[in-house]
Amino acid sequence: MPELPEVETIKNGLLKTIKGRTIKSVEVRLPKIISIGPATVSNIRKNNKSKARLFEDVLRGKKIEGIKRRAKMFIISLSGGYDILIHLKMTGQLIYSAPKEKPKTVKMFNAANSRILTLPHKYTHVIFYFTDGARLYFNDLRQFGYLRLVKRGELSEVRELQQYGPEPFSKDFTMDYLAGKMKTRPRLSVKQFLVEPKVVAGVGNIYSDEILYCAKVQPDRKVGGLKPAEKKALFQCIPRILKEGVAHHGSSVGDYFQVDGSEGTYGRIHRVYAKAGQLCRECGTMIKSVKLGGRTSSYCPVCQK
Ligand SMILES: [Zn+2]
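Computed from a prediction, not measured in an experiment: that's the story for all the values here. (Residues numbered from 1 in each chain as written. Predicted model: local features only at pLDDT ≥ 70, side-chain atom pairs only at ≥ 80, totals over all residues. Heavy atoms only, no water.)

**Things to note about the layout of surface pockets**
Thought 1: Here the largest pocket is characterised by a volume of approximately 630 Å³.
Thought 2: Elements that contribute at least two residues to the lining of the largest pocket include exactly α4 (159-163) and α7 (205-215).
Thought 3: Here the lining of the largest pocket spans two domains, and each of domain 1 (4-163) and domain 2 (175-299) adds at least three residues to it.
Thought 4: Volume-wise, the second largest pocket comes out at about 170 Å³.
Thought 5: Every residue lining the second largest pocket is listed: Thr9, Asn12, Gly13, Lys16, Thr17, Tyr96, Lys104, Val246, His249, Gln258, Val259 and Asp260. (1 Å grid on protein atoms, 1.4 Å probe; cavity = no way out; pocket = protein on both sides within 12 Å on 5 of 7 lines; lining within 4 Å. Points joined across faces, edges and corners; volume = space filled by probe spheres on them. Helix = DSSP H or I, 4+ residues; strand = E, 2+ residues; numbered from the N terminus. Domains from an automatic or database assignment.)

Encoded structure:
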């Protein structure tokens, strides 16, 4: 699943490619991907063709005025006072094709026997056609992702947006804030704590493992048992590791690609994530893994205490 660095990278790619462009038309090929208004998650799954038609009708002729990220959500602002919220969930992709570019190919990692497919393909669920011939494809193998059209005034009513903790690069994310959150969850493992969306926005399985390695804390430690120096290290490592991820354009694990279809290179930097059985680059000890709350977490038993 894409985490903050992947979503931030895609956001930066969208700013360079679709910002300022005008939508000529939109083709919704899978209506259940679309929802309208500040709906709840259960509403999204309704297979409602009229929602898809409304989505296509409203978007026609609208200009892309801006693209922002909140946690793992994109907020695309359109002329006329509308926003599109996009969540990639497990396997969603946003791939851009420039005017006159020859048909683009993209890899679907998790498809049975992982293939290179030419866009649009059977996992392409929405296509944005821009007036100058550029296109944006929304592909999603697992179909958990969604696009939601809201009026600008409705953004504050979108439940998912209310549930996210502070952005790790913002002034709201302070040591006092994190220490306060830690006090409310003393019995939780630090791995599970880090991936809670309410603690800090955008941290998932990959980056929590790397953050714990950076902070030299083992994933199964209880939040309440952390020493002050370890809490401080975690606070510092959260933005440090996420920024490092953004600088390397994210980790191409699963179906994540940048908007131009290229891979992120942070996977080469990973120190522990998915490396159980390999040797720690720092100390040469074999990296171990532990299961916590249904997630596998990898760590170095020597570098991390
Ligand atoms: Zn080590």
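**A few points about α7**
Thought 1: Among the eleven residues in α7, nine count as buried, and that is most of the element.
Thought 2: Those residues of α7 that fall on the buried side of the exposure criterion are Ile206, Tyr207, Ser208, Asp209, Glu210, Ile211, Leu212, Tyr213 and Ala215.
Thought 3: In the core, the buried residues of α7 are packed alongside α1 (4-17), α6 (190-195), α8 (228-247) and β13 (295-299).
Thought 4: After α7 finishes, the residue Lys216 shows a positive phi value of roughly 60°. (Buried < 20%, exposed > 50% of the residue type's maximum accessible area, 1.4 Å probe, protein only. Contact = heavy atoms within 4.5 Å.)

**Section: the coordination of the zinc ion**
Thought 1: Protein-derived coordination of the zinc ion comes from Cys280 (SG), Cys283 (SG), Cys300 (SG) and Cys303 (SG), at a distance range of 2.3 to 2.4 Å.
Thought 2: In this structure, the zinc ion is surrounded by four donor atoms whose angles at the metal cover 100 to 114°, and the resulting shape is tetrahedral.
Thought 3: The sequence pattern formed by the donor residues of the zinc ion is C-x2-C-x16-C-x2-C. A residue pair is termed long-range when its members are at least 10 positions apart, and Cys283 in the loop between α8 and β12 (288-292) and Cys303 in the segment after β13 qualify at 20 residues. (Donors = N, O, S within 2.8 Å, 3.2 Å for Na, K, Ca; no water. Tetrahedral: all angles 85-135°; square planar, octahedral: opposite > 155°, others 65-115°.)

**Quick notes on the sheet that holds strand β5 (residues 82-87)**
Thought 1: One open sheet holds the five strands; their spatial order is β2-β11-β5-β4-β3, and the pairing between them is mixed. Across the chains shown, the open sheet's two edge strands, defined by having one partner strand only, are β2 (34-36) and β3 (64-70). Sheet twist, expressed as the mean angle between neighbouring strand axes with direction ignored, is 20°.
Thought 2: The pairing of strand β4 (residues 73-78) with β5 spans six bridges and is classified as antiparallel. Counterpart to Phe74 in the pairing with β5 is Ile86. (Pairing = 2+ DSSP bridges. Axes fitted to C-alpha atoms, helices over the stretch in contact; angles between N-to-C directions.)

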